[in-house]
Amino acid sequence: MGNINYSETEFLKIKEPTVLKSGKTLPCIDIAYETYGKLNENKDNAILVLHALTGSAHAAYHHKDTNKPGWWDDM
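Residues numbered from 1 in each chain as written. Predicted model: local features only at pLDDT ≥ 70, side-chain atom pairs only at ≥ 80, totals over all residues. Heavy atoms only, no water.

A. Summary view of the overall build of the protein. When you go through the protein residue by residue, the secondary structure sums to 0 helices and 4 strands. For the protein, the N- to C-terminal ordering of α and β elements is β-β-β-β. Residues counted as buried form 12% of the 75 residues belonging to the protein. Look at the contacts in the protein between residues 6 or more apart in sequence, and 37% of them connect residues 24 or more apart. Taken as a whole, the protein presents about 6,600 Å² of accessible surface, with 56% of it coming from carbon and sulfur. (Helix = DSSP H or I, 4+ residues; strand = E, 2+ residues; numbered from the N terminus. Buried < 20%, exposed > 50% of the residue type's maximum accessible area, 1.4 Å probe, protein only. Contact = heavy atoms within 4.5 Å. Areas by Shrake-Rupley, 256 points an atom, 1.4 Å probe, with all protein chains shown as cover.)

In structure tokens:
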């Protein structure tokens, strides 16, 4: 996989209520994500991979605490 540093699961906390298209409101949202490698100077080497809201944020090997495969590794 080249020169990839180990990733960590990080969290973005949205504390303000979020109104959904259905009209329902989520009081707060915790979004888990992982990053792999480094963003280059032009910031054009990023790839955003999305999954189901209830899925794991661990997409691929190289997690800091484990070397377990992520959900993307079988793709």
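We are not done yet, so read on.
B. Summary view of the environment of K13. Tracing the backbone shows K13 in strand β1 (residues 9-14). Judged by relative accessible area, K13 falls into the exposed class, the value being 52%. Note: C-alpha distance between K13 and D30 (17 residues apart in sequence) is 4.6 Å.

C. Just unusual backbone geometry, in detail. Within the chain, K43 stands out as a residue other than glycine whose phi angle is a positive 60°. Judged by relative accessible area, K43 falls into the exposed class, the value being 61%.

D. Geometry of the pattern of salt bridges. All chains considered together, the criterion is met by 1 salt bridge. For D30, the salt bridge goes to K13, with nearest N and O atoms at 3.5 Å. Here the residue D30 occupies a position in strand β4 (residues 29-34), and K13 occupies one in strand β1, the gap between them amounting to 17 residues. (Salt bridge = Lys/Arg side-chain N within 4 Å of Asp/Glu carboxyl O.)

E. View of a nonpolar patch on the surface. On the surface, L12, I31 and Y33 cluster together into a nonpolar patch covering about 240 Å² of accessible area. Looking at the secondary structure, you find Y33 in strand β4. Given the relative accessible area of 34%, Y33 is considered partly exposed. (Patch = residues over 30% accessible without salt bridge, like charges linked within 9 Å, V, L, I, M, F, W, Y side chains within 5 Å.)

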